[in-house]
Amino acid sequence: MTNDRIITSTPFPELNSVLAFLLEGAKSILQDNFMGAYLQGSFAIGEFSEFSDCDFMVVTNTDLTPAQLGQLQQLHKGIQKLPYKYWHKNIEGSYAPAAILRKLSLEPRDPPGEPRDPSWKDPGMDGAPPRCYPFWYLDHGADTLVRSEHDNSQVVRWTLREKGVRLEGPELKALIDPVTTSELKAEVREILDISIGTGLKMPMVAWQAFWVGLFCRILHTLATGEVTSKKAAMTWAITNLDEQWSTLIDQARSQKKGDPTESLAKVPEPLQDQTRRFAHYCASEADRMLAQDS
């Protein structure tokens, strides 16, 4: 496939080329089923870097047909083979039917003809059980779309609607209903409990810093009713949380993503223990914030 489309949505020419390849390929495959393509995550909220991942959302009129899915699988395998250094392996995102994306709902839970029993484990959500409609999802670094609820969330809807970057298609405010502050806060509080319930695996420093940043962002959302970047949330947290956690937060904030000597290093047991204690502190702080709201 040749790429004659020009995208200038990011400051990284290689990423713009990858996004153009993705957009042109998706439109060619989906035809009338294509509605729009957008960026969310750090490229919508800000504070991205040359070592970020890039989160996309392709909105379709209806769910993918088997033929479209097969061709999109080939498209993403092709993207992985592009002759670039970084960005072809660092995009992730979903293909979402417009009717499902508009507003989070627990019904319909399953795609037509694809019922999931309680034993189903979400491949993009650490094996979580079925809860709401799974999009076709491409995980970070993967070349295969899988059914996952990863992007069927209030956080993603809020980010898309309020901050999303349009590559092509209707304005996002026309596609997604407003996410209320209470809906957003309820979800991030639930995410905190789910995260703690996983045991907070930290096989490398990058994961440990991710958890600290996630928990700071959850508390920032509870305080402000908005979603911001993890780095901005950690800066806020150093000023607004108990000072006993300042060193831990600053260490995570300073972690250089993409530096293998740093981000891939083993996490010492004391630092893992401190991170888990911080998670429980954040849960207590979250409950205090929510109690003040009521």
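Structure: above.
Reading the values: the criteria
Residues numbered from 1 in each chain as written. Predicted model: local features only at pLDDT ≥ 70, side-chain atom pairs only at ≥ 80, totals over all residues. Heavy atoms only, no water. 1 Å grid on protein atoms, 1.4 Å probe; cavity = no way out; pocket = protein on both sides within 12 Å on 5 of 7 lines; lining within 4 Å. Points joined across faces, edges and corners; volume = space filled by probe spheres on them. Helix = DSSP H or I, 4+ residues; strand = E, 2+ residues; numbered from the N terminus. Nonpolar A, V, L, I, M, F, W, Y, C, P; charged D, E, K, R; others polar. Axes fitted to C-alpha atoms, helices over the stretch in contact; angles between N-to-C directions. Parallel < 35°, antiparallel > 145°, perpendicular 65-115°, else oblique. Left-handed = near helix turned anticlockwise from the far one by under 90°. Contact = heavy atoms within 4.5 Å. Salt bridge = Lys/Arg side-chain N within 4 Å of Asp/Glu carboxyl O. Buried < 20%, exposed > 50% of the residue type's maximum accessible area, 1.4 Å probe, protein only. Expected span 1.5 Å × (residues − 1). Pairing = 2+ DSSP bridges. Phe/Tyr/Trp six-rings, centres within 6.5 Å; stacked < 30°, edge-to-face > 60°.

Draft legend 1. A look at empty space enclosed by the protein. The tally for this structure, following the rule as stated, stands at one cavity of 30 Å³ or more. For the largest cavity, the calculated volume is near 40 Å³. Forming the walls of the largest cavity are His76, Ile79, Gln80, His88, Lys89, Asn90, Ile91, Leu138, Ala142 and Asp143. Element by element, the count of residues in the lining of the largest cavity is highest for helix H3 (residues 66–80), at three residues. For the lining of the largest cavity, the class distribution of residues is four nonpolar, four polar and two charged.

Draft legend 2. Focus on the packing of helix H7 (residues 181–197) against helix H8 (residues 205–224). The geometry of H7 relative to H8 is characterised by a closest axis approach of 9 Å and an angle of 150° between their N-to-C directions. Classed by the angle they form, the pair H7 and H8 counts as roughly antiparallel. Handedness of the crossing formed by H7 with H8: left-handed. Judged by residue contacts, Leu184, Lys185, Val188, Ile191, Leu192 and Ser195 of H7 engage Trp211, Leu214, Phe215, Ile218, Thr221 and Leu222 from H8. Its residues assigned to classes, the contact of H7 with H8 comprises nine nonpolar, two polar and one charged.

Draft legend 3. Region of the structure containing the pattern of salt bridges. Tallied over the full model, the rule gives 18 salt bridges. Across the salt bridge formed by glutamate 183 and lysine 103, the nearest N and O atoms sit 3.6 Å from each other. Of this pair, glutamate 183 sits in helix H7 while lysine 103 is found in the loop between helix H4 (98–101) and strand S4 (135–138), placing the two residues 80 residues apart along the sequence. Residue lysine 103 is classed as partly exposed on the basis of its relative accessible area of 43%. For the salt bridge of glutamate 149 with arginine 116, the shortest nitrogen-to-oxygen distance reads 2.9 Å. Placement of the pair is glutamate 149 in the loop between strand S5 (145–148) and helix H5 (154–163) and arginine 116 in the loop between H4 and S4, with a sequence separation of 33 residues. Here the salt bridges share partners, and the residues they tie into one network are Arg109, Asp110, Arg116 and Glu149.

Draft legend 4. Fine view of the environment of aspartate 32. Within the secondary structure, aspartate 32 sits in the loop between helix H1 (13–30) and strand S1 (34–40). On a C-alpha basis, the gap between aspartate 32 and glutamine 73 in space is 19 Å, while along the polypeptide they are 41 residues apart.

Draft legend 5. Highlighting helix H12 (residues 269–293). For H12, which comprises 25 residues, the first-to-last C-alpha distance of 36 Å matches the rise-based estimate of 36 Å (1.5 Å per residue) to within 8%. Taken residue by residue, H12 has Leu271, Gln272, Thr275, Phe278, Ala279, Tyr281, Cys282, Ala283, Glu285, Ala286 and Met289 as its buried positions. The inward-facing, buried residues of H12 abut H7, H8, helix H9 (230–240) and helix H10 (246–254).

Draft legend 6. Highlighting unusual backbone geometry. Cis geometry marks the peptide bond from glutamate 107 to proline 108; its omega dihedral reads -5°. Of note, proline 108 is situated in the loop between H4 and S4. In this structure, glutamate 47 takes a positive phi of about 65° despite not being glycine. Looking at the secondary structure, you find glutamate 47 in the loop between helix H2 (42–45) and strand S2 (54–60). The backbone phi angle of aspartate 126 is positive, close to 55°, even though this residue is not glycine. Locating aspartate 126 in the fold gives a position in the loop between H4 and S4.

Draft legend 7. Examining the sheet that holds strand S3 (residues 91–97) more closely. Read from one edge of the open sheet, six strands run S5-S4-S3-S2-S1-S6, paired in mixed fashion. Only two strands of the sheet have a single neighbouring strand rather than two, namely S5 and strand S6 (165–168). Strand after strand, the sheet turns through a mean of 25° between neighbouring axes, direction not considered. Examined bridge by bridge, S1 and S6 share three bridges and lie antiparallel to one another. By the bridge assignment, leucine 39 is partnered in S6 with valine 165. Seen against the sheet, H1 touches S1, S2, S3 and S6 and runs at an angle of roughly 25° to S3.

Draft legend 8. Geometry of the packing of aromatic side chains. A complete count under the given rule lists 13 aromatic pairs for this structure. Look at phenylalanine 56 and tyrosine 95: their rings are 6.0 Å apart centre to centre, the planes differ by 75°, and that puts the pair in the edge-to-face class. You can see phenylalanine 56 sitting in strand S2 and its partner tyrosine 95 sitting in strand S3, a full 39 residues away along the chain. For tyrosine 95, a relative accessible area of 1% gives the class buried. Note on phenylalanine 210 and tryptophan 211: the rings are 5.3 Å apart at their centroids and 65° apart in plane angle, and the pair reads as edge-to-face. Relative accessible area serves as the criterion here: at 38%, phenylalanine 210 is assigned to the partly exposed category. Taken together through their ring pairs, the aromatic side chains of Phe12, Phe43, Phe48, Phe51, Tyr86 and Trp87 make up a single cluster.

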